[in-house]
Amino acid sequence: LPSTFALAARRARLRASTPVLVLVAKYPTPGASKTRLAASGLGDARTAEVARAMLLDVLARHARAGPRVQRVLLFSPPDGAHADKFARLLREAGCAEGDWTLVPMRSTDARSSNLTAVLMDALTRVRARFAPVSTTIFIGADAPTVGEDAVRAAIVAGLDGRAHLCPAEDGGYTLLGVPADAPASIFAGVRWSAATTAISQAARLAEAGVRVDIGATFVDVDDAASFEDLREKLAADDGQRALCSRVWALIEHGVAAHAEPNAGAADAPAAAEADATAAEPLRTGACSDAAVVARAAQAGELQLVRGEAFGIGGLDEALQTIARRVLATRALNPALVERLRLRHTRGLLLHGPPGTGKTLAARALGRLLGCADERVRLVAGPELYNQYVGRSESNVRELFADAEREQREYAEAAAGVGDAGARAPPRLHMLIFDEIDALTARRADTDGGSGASVTGSLVLSQLLAKLDGLSPLNNIFVAGTTNRLDAIDEALLRPGRLELQLEIGLPAVGARAQILHIHTAPLRREGRLALDAAGLDALAALAVNYTGAELEAAVRAAVSRTVVGARRGAPWSVSARELEAGLRDVRPAFGDADGREALARMCARGAPPRAGAAPNDGGGGDGDGRAGDAEIAGLPELCARVRSAARGELGGGTFAVLVCGAGTDALARARTRAAVAAARAADAPLLRVLASEEPRLLGKRPFERAEVLARTVREAHRSPVSCVVLEHVDRLAGAHLVRGLPPCAGDSATPTAARVDFDRELLGAVVGALTAQPREPTHVCVLVCTCASDAACDALFSRTAGEDAFFHAVLAVGHKVSS
Ligand SMILES: Nc1ncnc2c1ncn2[C@@H]1O[C@H](COP(=O)(O)OP(=O)(O)OP(=O)(O)O)[C@@H](O)[C@H]1O
C-alpha cells in the first residue's frame, strides 16, 4: 500500500508538470544536409527541398500537439542568422507565435558535432527552463510520419517513469520519450548512425535503471531506400498523406532518388549526421546492479533487433535469441562483469540448410556487438589447411593472435607494466568459421589415421585449446556455420565453446516475402519493379522450400529474362510473370524437380510391356490413382488417404505406406505403378526417391548407405510437407536369404527352413527412417516404400511385430501380406 500511494503521488506530481517536445533540426542547406540521400542521385538542391518539406510538415503537425505540451525547436547551426531563418520557416509552416520556442543547439564539450553531447545538453537545459518537466520527448525532422499518438504514448509512459522509444526501420530510432527521473547520461556511449542505434540506446536506458516501452516503427529518411519507403507509406495512407502534404507534393512532382544506397546505417534524431564520434562497442557506461543483466535482456529491448536493418529477411526471432544470449552481459560495464565473475557467451553455432542466411546472421551479430569490420574475420574451413606439418595448427593460432596480444597488453597496463596507453579494455574481435564441419569433423569419424584426418584432428584440438584458453575478459567471439550439425565434434559444442546453437531452417512464407522484398528493393527504388507488396506475398506463397540464396537467384534470373526480352532501348521493369519464371529457373535444393524425374523413370519401369504403350501412361492409368490403375484393387483408397495425410488432415508426423507385390513381372510393375501413384497423390513440394540400385548407394559400405538414408529423411523433415519413396525397402534394409539346415542322418541339429535376414545396420537405418518424426510438429513426411519379395515383406513385418504402426497404410498388390 505505501508504495501504491507513493506511485500515485508521483503520478499526480508528474501530471502537474510539463511535457516538453524537442524537435532536433538542422537547417536544410543544399550540400550540408542528408548527404547520403543527395549522393543517391537526387542532388544537393532537390535533397535540401525534401529536407525542408519534411521539416515544415513536422513543425506544422506537432504545433497542434496537446495544449499543455511545450515545444522546443533545437536548431543548428546555432547562430542568429539561422534563428531568423527558422523563424521564417515556422511562419511558412503556419505556426502561431509561441507554438515553438527556438533554442540553439549547443554541446557541452568542444566537439560540437557530438550528438551525445547535444542531446545531454538539450535535456539538461530543457528541464531547467521549463521546470518542473515531466517527460522530454525528442523527435527528428526526418521522420514526418511520427504522429501525435506516439507523442501521447511517450507522455503516458513518462508518468510511470518509463522511457518510450519508437524504432526506425533501419535500426535507428525516431522518437525517444525520456522520463523525468532519467539522467542525461543515458545518451553517453550510444552508437549513433548504426543499425544498432536503437538497441544501444535501450541498453543505456536499462543500465540507468529506466524501463523502456517500445512504440511503433516509423520511417527515418536518410537515403534512397528510406525515401522510397516513405513514398510507399504515404501512397498507402490517406491520413498520413494529408499530414505530410509538402513532402508528398514533392514526391508527386517526380522527386525520386535513384542510386543504390549505402544500406544499414541509421540516424537517430535529425542531427545524427553531424555526429563524428567513432562507434563504441556496447560495453561502456556505469552500472551498479547485477539486475541490469536481466533488464538488458528484457523482451522489450530485443524487439529492436530486426533483421531487415542488416538486409536479412525472416530471421528476427533467431537474431533476437542471439542478442539475448550474447548481448545482455556484454552491455555491462567490464568492471562489473569482473566483479560478478560473469562469463559472456563466447561461441555460437548456426546450423541449417545451405543458403538460409547463417553467415549473414553471424555477420549481423558482429555489428550488434559493435565489432568494426576489420575485427571480424570470416574463415572458410578449408582455408586453414596446409600440407606442411604443423602449419595448419599455427594458422589457427594466428587467427587468435591479435585478440590475445591486445588482451595481454591491457593486462600488463593494468598491472602497471608495459604501455600505459593500452589501459582501455581490449576491443572485441570476432571469428566466423564458415562450414566449420570441414574443420572439425568428428574425430571418431575421421578414417583410420590417414594424413588428412590426423591434420583435421590436430586442427580441432588446437581450436578447442584456443577456445578454452580465452581470457575471462572475453575479447573474442567465435561463430561457426554448418549444414551438418551431425558432423560436428561434440567437444566443440560444450559450454564455454560454441555453446549457443541455433537452427536456421527453410524460410516460411512470411520470411520468404521479406527476403523477396529485400532483394527486389534496388529494382523498386529504380522504378523497375512492376509488382507491389501483395504481388510479392503471392510470389512468396509459390516459392515453397526456396532458401534465401535461391530467392535471390530467382530475382536475378527474372532480371536477366526481362532485360533480354526488352526491346533495345525500351524501358523495362520486372513483372510478376518474369519473377515466376525466375522461380522456375532456379531448382530449389529442397524442391521436387529431381524427385519428379526419378518418379517418371519409375513410372516408365512400371509400365506393362504392351506394344505401343507410351512409357509414362502407367499401363492404362495416369498414375495418380484416381482415373487409372483400376486393376490395382484398393489403390484409389490408398491415394485418397495419402492425399489427406499430406494435407495435414491426419495431423503432423511421419505417414508410412508399404506397397508389396511380387512373384511375377506383372505384379512387380503394378507394385511400382502403385507406389508412383501414392507418391504423386502426396503432391509434396519436397520429393525424394531412393532406390537400392541408386548410383550413390552402389558399392557403398552399409554404414555409408545407412547415412544416405538417414540424411535423406532428415532433410525431408525440414519441409512442411515431404514425400520420400524408398524403392525396394527390403533391399535397402539389406534383406538376404539364409538357407535352412536340411535334415541330416545321425545329426542331432533340428532341420530349419530358409528365412530372410537383414543387415543389422541397414535394418536399423530403415526402422529409424520409418519411426523418425519431424522436429516441427506440424510437418508431414509421407514415406512410400515398396517391397520386392513376399518373404522379405513377411520378415519385415515379423521383425517389426508389435510396432506395425511403422506402416500406416499397406497395399498388397496381388497377394496377401501375412502380418
Ligand atoms: N534470410 C535471408 N535474407 C536475405 N538474404 C538471404 C537470406 N538468406 C540467404 N540470403 C541470400 O543468400 C546469400 C547466401 O547466404 P549465406 O551465405 O548467409 O547463407 P548460409 O546459410 O551461410 O549458406 P552456407 O551454409 O552455404 O554457407 C546471402 O548473401 C543473401 O544474398
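Worth saying up front: this structure is predicted, and the values here are computed from it rather than measured.

K.L.:
Hey, could you run me through the overall build of the protein in this one?
P.N.:
On a plain count of helices and strands, the protein comes out with 29 helices and 21 strands. Classification of the 819 residues of the protein by burial places 53% in the buried group. Long-range pairs, those at least 24 residues apart, make up 76% of the contacts in the protein with a sequence separation of at least 6. Accessible surface, the protein: about 35200 Å² in total, of which carbon and sulfur atoms supply 53%.

K.L.:
It is not clear to me how the packing of aromatic side chains should be interpreted in this structure. Could you clarify?
P.N.:
Any pair of aromatic rings gets described here by the distance separating the centres and the angle formed by the planes. Across all of its chains, the model carries four aromatic pairs by this definition. Taking 5.3 Å as the distance between ring centres and 85° as the angle between the ring planes, the aromatic pair formed by Tyr 27 and Phe 86 counts as edge-to-face. With a gap of 59 residues between them, Tyr 27 in the loop between β1 (18-26) and α2 (35-42) and Phe 86 in helix α4 (residues 80-92) connect regions that are remote in the sequence. Of the two residues, Tyr 27 and Phe 86, neither departs from the other in class, the shared state being buried. With centroids separated by 5.6 Å and ring planes inclined at 85°, the aromatic side chains of Phe 138 and Phe 187 adopt a geometry described as edge-to-face. Note that Phe 138 is positioned in strand β4 (residues 133-140) and Phe 187 in the loop between β6 (173-178) and α7 (197-207), a separation of 49 residues in sequence. Judged by relative accessible area, Phe 138 falls into the buried class, the value being 1%. Among the aromatic side chains, those forming a connected cluster through ring pairs are Tyr 27, Phe 75 and Phe 86.

K.L.:
Honestly, the nonpolar core in this entry has me stumped. Any pointers?
P.N.:
A general feature of soluble globular proteins is that nonpolar side chains tend to end up buried together. Counting residues in each nonpolar core, the largest one holds 37 residues, and the members touching the most others are Leu 658, Leu 726, Val 729, Leu 770 and Phe 807. If you list the elements that add at least two residues to this core, you get β15 (653-660), β16 (686-691), α26 (702-716), β17 (721-727), α27 (729-732), α28 (760-771), β20 (780-787) and α29 (790-799). Setting aside chain neighbours within four positions, we find Leu 770 in contact with Thr 654, Ala 656, Leu 783, Cys 785, Phe 806 and Phe 807. Met 602, Cys 603, Ile 632 and Ala 674 belong to the second-largest nonpolar core, a separate cluster that totals 36 residues.

K.L.:
What am I meant to see in the sheet that holds β4 here?
P.N.:
Across a sheet, paired strands are connected by hydrogen bonds in the backbone, their directions being either parallel or antiparallel. Pairing is mixed in the open sheet, where seven strands are placed in the order β3-β2-β1-β4-β6-β5-β7. In the strand order of this sheet, the two ends are held by β3 (101-104) and β7 (212-214), each with one partner. Strand after strand, the sheet turns through a mean of 20° between neighbouring axes, direction not considered. Judged from the four bridges that link them, strand β2 (residues 70-76) and β3 form a sheet pairing that is parallel. Directly across from Phe 75, in β3, lies its bridge partner Pro 104. In the packing of α7 onto the sheet, contacts are made with β5 (163-167), β6 and β7, and the angle to β6 comes to roughly 15°.

K.L.:
Got a minute to help me understand the site of the ligand in this structure?
P.N.:
Contacts to the ligand come from 17 residues, most closely from Gly 313, Gly 355, Lys 358, Thr 359 and Glu 552. Gly 357 has a polar backbone atom sitting 3.1 Å from an oxygen atom of the ligand. His 519 places a polar side-chain atom, nitrogen or oxygen, 2.9 Å from a nitrogen atom of the ligand. Look at the ligand: alone it shows 620 Å² of surface, and the protein chains cover 81% of it. Broken down by secondary-structure element, the contributors of at least two residues to the shell around the ligand are α15 (358-368), α19 (509-525) and α21 (548-565). Here the residues of the shell around the ligand sort into five nonpolar, nine polar and three charged. No fewer than three residues from each of domain 2 (316-503) and domain 3 (509-585) sit in the shell around the ligand.

K.L.:
I tried to follow unusual backbone geometry on my own but got confused; where do I start?
P.N.:
The phi torsion of most residues other than glycine is negative, and most of the peptide bonds are trans. A cis geometry characterises the amide bond from Ser 76 onward to Pro 77, with omega recorded as -5°. Structurally, the position occupied by Pro 77 is in the loop between β2 and α4. Residue Ala 131 is joined to Pro 132 through a cis peptide bond whose omega torsion reads -5°. With respect to the helices, strands and loops of the structure, Pro 132 is situated in the loop between α5 (115-129) and β4. The phi angle at Glu 435 is positive, at roughly 50°, despite the residue not being glycine. Note on placement: Glu 435 falls in the loop between β10 (429-434) and α17 (436-440). Among the residues examined, Glu 435 registers a relative accessible area of 45% and is labelled partly exposed. Even without being a glycine, Asn 545 presents a positive backbone phi close to 70°.

K.L.:
How should I be thinking about the pattern of salt bridges in this particular structure?
P.N.:
Side chains carrying opposite charge are able to pair once their charged atoms draw close together. Tallied over the full model, the rule gives 31 salt bridges. A salt bridge links Glu 404 to Lys 466; the nearest nitrogen and oxygen atoms lie 3.0 Å apart. Residue Glu 404 is found in helix α16 (residues 391-414), and its partner Lys 466 is found in helix α18 (residues 451-469); the two are separated by 62 residues along the sequence. Given a relative accessible area of 31%, Glu 404 falls into the partly exposed group. When the shortest N-O distance is used, the salt bridge between Arg 688 and Glu 715 registers 3.8 Å. Of this pair, Arg 688 sits in strand β16 while Glu 715 sits in helix α26, and the two are 27 residues apart along the sequence.

K.L.:
Sorry, what's going on with the sheet that holds β20 here?
P.N.:
Overall, parallel pairing links the five strands, which are arranged β16-β17-β20-β15-β21 in an open sheet. Two strands lie at the open edges of the sheet, namely β16 and β21 (809-812), each paired on one side alone. Each strand of the sheet is rotated relative to its neighbour by a mean of 15°, with strand direction disregarded. Pairing analysis gives four bridges linking β15 to β21, with the strands arranged parallel. Bridged to Cys 660 within β21 is Ala 812.

K.L.:
What am I meant to see in the environment of His 736 here?
P.N.:
Along the chain, His 736 falls in strand β18 (residues 736-738). Leave out the neighbours within four places in its chain, and His 736 touches Arg 755, Val 756, Asp 757, Phe 758 and Asp 759. A distance of 2.9 Å separates a polar atom in the side chain of His 736 from the backbone oxygen of Gly 734.

K.L.:
Whenever I open this one, the pairing of β3 confuses me. Can you help?
P.N.:
Along a regular strand, successive side chains alternate from one face of the sheet to the other. Burial of the side chains of β3 is restricted to one face: Thr 101 and Val 103 are buried, whereas none of Leu 102 and Pro 104 on the reverse face is. In terms of handedness, the path from β2 via α4 over to β3 forms a crossover that is right-handed.

K.L.:
I would appreciate a short explanation of α26 in the present structure.
P.N.:
The end-to-end C-alpha distance of α26 is 21 Å, a good match for the 21 Å that 15 residues give at a rise of 1.5 Å each. Every buried residue belonging to α26 is among Arg 705, Ala 706, Val 708, Leu 709, Thr 712, Val 713 and Ala 716, and all of these are buried. Along the axis of α26, the buried residues cluster in a sector spanning 160°; they form a single face. In this fold, the buried residues of α26 make contact with β16, β17, α27, α28 and β20.

K.L.:
I keep staring at α4 and nothing clicks. Help me out?
P.N.:
Count 3.6 residues to each turn of an α-helix, and residues three or four apart come out pointing the same way. Relative to the 18 Å expected for 13 residues at 1.5 Å per residue, α4 spans 19 Å between its end C-alpha atoms, a close match to the ideal helical length. For α4, the complete set of buried residues consists of His 82, Ala 83, Phe 86, Leu 89 and Leu 90. One face of α4 carries all of its buried residues, which in axial projection span an arc of 115°. Of the residues flanking the end of α4, it is Gly 94, one or two places downstream, whose phi is positive at about 80°.

K.L.:
Would you take a moment to explain the packing of α21 against helix α22 (residues 576-585) for this structure?
P.N.:
Axis angle and axis distance: for two packed helices, these are the angle between their axes and the distance between the axes, and together they describe the pair. The interhelical angle for the contact between α21 and α22, taken along N-to-C directions, is 125°, at an axis separation of 7 Å. Our classification of the angle between α21 and α22 gives oblique. When you trace α21 past α22, the crossing you get is right-handed. Contacts between α21 and α22 involve Leu 551, Ala 554, Val 555, Ala 557, Ala 558, Arg 561 and Thr 562 on the former and, on the latter, Glu 578, Leu 579, Ala 581, Gly 582, Leu 583 and Asp 585. Here the residues of the contact of α21 with α22 sort into eight nonpolar, two polar and three charged.

Procedures and definitions
Residue positions are counted from 1 within each chain, in the order its sequence is given. Only residues with pLDDT of 70 or above have their local features reported here, since the model is predicted, and side-chain atom pairs are shown and tallied only from 80 upward, although totals for entire chains, interfaces and linings are computed over all residues. With hydrogens and water set aside, each side-chain value is computed from the structure's full complement of heavy atoms. Counting from the N terminus, the helices are the DSSP runs of H or I reaching at least four residues and the strands are the DSSP runs of E reaching at least two. Exposure classes here rest on a 1.4 Å probe applied to the protein chains alone. A residue is buried below 20% of its type maximum, exposed above 50%, and partly exposed in between. We call two residues contacting when some pair of their heavy atoms lies within 4.5 Å. Each accessible area is a Shrake-Rupley estimate made with a 1.4 Å probe; only the visible protein chains count as cover when residues are assessed. Note on ring pairs: Phe, Tyr and Trp rings are taken, using the six-membered ring of Trp, and paired if centres are within 6.5 Å. Classes follow the plane angle, with under 30 degrees stacked, over 60 edge-to-face and the rest tilted. Among buried residues, those of type Ala, Val, Leu, Ile, Met, Phe, Trp, Tyr and Cys that are joined through side-chain atoms within 4.5 Å constitute a nonpolar core. DSSP bridges decide pairing: two strands pair if at least two such bridges lie between them. Only the stretch in contact is used when a helix axis is fitted, and all axes are lines through C-alpha atoms; the angle between N-to-C directions ranges over 0 to 180 degrees. Here a residue is considered near a molecule or strand provided that any single heavy atom belonging to it is located within 4 Å of it. N or O atoms closer than or at 3.5 Å make up a polar contact, with two conditions inside protein: a donor-capable atom paired with an acceptor-capable one, and, for residues adjacent in sequence, both atoms drawn from side chains. Gly falls in the polar group here, along with every residue not listed as nonpolar (Ala, Val, Leu, Ile, Met, Phe, Trp, Tyr, Cys, Pro) or charged (Asp, Glu, Lys, Arg). Start and end points for every domain follow an automatic or database-based domain assignment. One side-chain nitrogen of Lys or Arg within 4 Å of one carboxyl oxygen of Asp or Glu is enough to make a salt bridge. Convention used here: a crossover is right-handed provided that the path from the first strand, over the helix, to the second strand proceeds clockwise when the strands point away from the viewer. What a helix should span is 1.5 Å times the count of its residues minus one. In this description, the arc belongs to the directions extending from the helix axis to the C-beta atoms. Oblique is the label for any angle not under 35 degrees, not over 145, and not in the 65 to 115 range, which are roughly parallel, roughly antiparallel and roughly perpendicular in turn. We call a crossing left-handed when the near helix sits turned anticlockwise from the far one by less than a right angle, and right-handed when that turn is clockwise.

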